[in-house]
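# Coordinates in review
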Amino acid sequence: MKIENTKAQMRKGVLEYCILSILKDEDAYVAEILDTLKDAKLLVVEGTIYPLLTRLKNAGLLNYRWEESTSGPPRKYYGLTDTGKLFLNELSSTWDDLHKAVQLVTNHKAKNNE
């Protein structure tokens, strides 16, 4: 089993949650979303993010609007819908529970090896 495959799967598993979290306070366009993910060391390519944004939009979690840009073509800004905000709250709760559970398991293993 290759470690890179496992790492990639772990990142993919939290990508939706991260994107929704990025959009919780303000709308953003794809380059801003990608920059935020990159700054967090979650490297994602445009070919991955566009289908994911479309899926989230089709699920009613995101909407978008076009805005003129001073430095090029108009930009598509994504934002959370009310349904998306509720969905994010649920994911946040689940993430907190999952994070605590993983910490308990991994810390338990570390303590047993001491």
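For the structure itself, look to the data block above.
Residues numbered from 1 in each chain as written. Predicted model: local features only at pLDDT ≥ 70, side-chain atom pairs only at ≥ 80, totals over all residues. Heavy atoms only, no water.

We now examine the packing of helix 1 (residues 3–22) against helix 2 (residues 30–39). It is at 10 Å that the axes of helix 1 and helix 2 come closest, and there the two elements cross at 120°. When you trace helix 1 past helix 2, the crossing you get is right-handed. On helix 2, the residues touching Leu15, Cys18, Ile19 and Ile22 of helix 1 are Ile33, Thr36 and Leu37. Per-class residue counts for the contact of helix 1 with helix 2 are six nonpolar, one polar and no charged. (Axes fitted to C-alpha atoms, helices over the stretch in contact; angles between N-to-C directions. Helix = DSSP H or I, 4+ residues; strand = E, 2+ residues; numbered from the N terminus. Left-handed = near helix turned anticlockwise from the far one by under 90°. Contact = heavy atoms within 4.5 Å. Nonpolar A, V, L, I, M, F, W, Y, C, P; charged D, E, K, R; others polar.)

Before going further, it helps to examine the layout of surface pockets. Space inside the largest pocket adds up to approximately 230 Å³. In terms of lining, the largest pocket is formed by Met10, Arg11, Val14, Trp95, Leu98, His99, Val102 and Gln103. Of all the elements in the fold, those that place two or more residues in the lining of the largest pocket are helix 1 and helix 4 (82–112). Among the residues forming the lining of the largest pocket, the class breakdown is five nonpolar, two polar and one charged. (1 Å grid on protein atoms, 1.4 Å probe; cavity = no way out; pocket = protein on both sides within 12 Å on 5 of 7 lines; lining within 4 Å. Points joined across faces, edges and corners; volume = space filled by probe spheres on them.)

Scanning all chains against the criterion turns up three salt bridges. Taking the shortest distance from any N to any O, the salt bridge between Arg55 and Glu16 comes out at 2.4 Å. Taken together, the residues Arg55 in helix 3 (residues 46–58) and Glu16 in helix 1 connect sequence positions 39 residues apart. On the basis of relative accessibility, which here comes to 47%, the residue Arg55 falls in the partly exposed class. Judged by relative accessible area, which is 26%, Glu16 ranks as partly exposed. Between Glu67 and Arg65 there is a salt bridge, with the nearest N and O atoms lying 2.3 Å from each other. Several salt bridges converge on common partners, so that one network encompasses Asp27, Arg65 and Glu67. (Salt bridge = Lys/Arg side-chain N within 4 Å of Asp/Glu carboxyl O. Buried < 20%, exposed > 50% of the residue type's maximum accessible area, 1.4 Å probe, protein only.)

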